[in-house]
Amino acid sequence: MTSDKTKLRRSSTEKVVAGVCGGFAERLGWDATLVRFIYVLISIFTAGLPGFIVYSIFWVALPSD
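Residues numbered from 1 in each chain as written. Predicted model: local features only at pLDDT ≥ 70, side-chain atom pairs only at ≥ 80, totals over all residues. Heavy atoms only, no water.

1. Details of the packing of aromatic side chains
Tallying each qualifying case throughout the model produces three aromatic pairs. Ring geometry for tyrosine 39 versus tyrosine 55: centroids 5.5 Å apart, planes at 45 degrees, classification tilted. Linking tyrosine 39 in helix H2 (residues 32-45) with tyrosine 55 in helix H3 (residues 49-61), this pair joins segments that are 16 residues apart in sequence. Geometrically, the ring pair formed by tyrosine 55 and tryptophan 59 is edge-to-face, given 6.3 Å between the ring centres and 75 degrees between the ring planes. With tyrosine 55 and tryptophan 59 both in helix H3 and four residues apart, the pair spans about one turn of that helix. Feature note: the residues Tyr39, Tyr55 and Trp59 constitute an aromatic cluster, connected by ring pairs. (Phe/Tyr/Trp six-rings, centres within 6.5 Å; stacked < 30°, edge-to-face > 60°. Helix = DSSP H or I, 4+ residues; strand = E, 2+ residues; numbered from the N terminus.)

2. A look at the packing of helix H1 (residues 20-28) against H2
Between H1 and H2, the shortest axis-to-axis distance is 8 Å and the interhelical angle comes to 120 degrees. One way to sum up the angle between H1 and H2 is to call them oblique. Once H1 is placed against H2, the crossing between them reads as right-handed. Taken together, the residues of H2 that come into contact with H1 (itself represented by Cys21, Gly22, Phe24 and Ala25) are Ala32, Val35, Arg36 and Tyr39. (Axes fitted to C-alpha atoms, helices over the stretch in contact; angles between N-to-C directions. Parallel < 35°, antiparallel > 145°, perpendicular 65-115°, else oblique. Left-handed = near helix turned anticlockwise from the far one by under 90°. Contact = heavy atoms within 4.5 Å.)

3. Observations concerning the environment of lysine 15
Within the secondary structure, lysine 15 is located in the segment before H1. Assessed through its relative accessible area of 48%, lysine 15 is described here as partly exposed. Expressed as a C-alpha distance, the spacing of lysine 15 and serine 43, which sit 28 residues apart in the sequence, is 18 Å. (Buried < 20%, exposed > 50% of the residue type's maximum accessible area, 1.4 Å probe, protein only.)

Laid out in C-alpha cells, this is it:
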C-alpha cells in the first residue's frame, strides 16, 4: 500500500492560489517558497504562457488534501 506522503495533492495549508506549488513542496519535502520561486523563474524564461497552462492543468487534475 502507498502512504499519503507518496501521493501528489494540492495543499490546503501551503496555499497562495490553488495549492499546486505547496503540494509539490510537501511531496518533495521542500520549502513551498522555494518551489514557488522556481515556478516563477521557469514561467519567466518560457514567456509565462506554458507555466500558466501547466499550473491550470495541475489545478484541475490534482485532488485537494
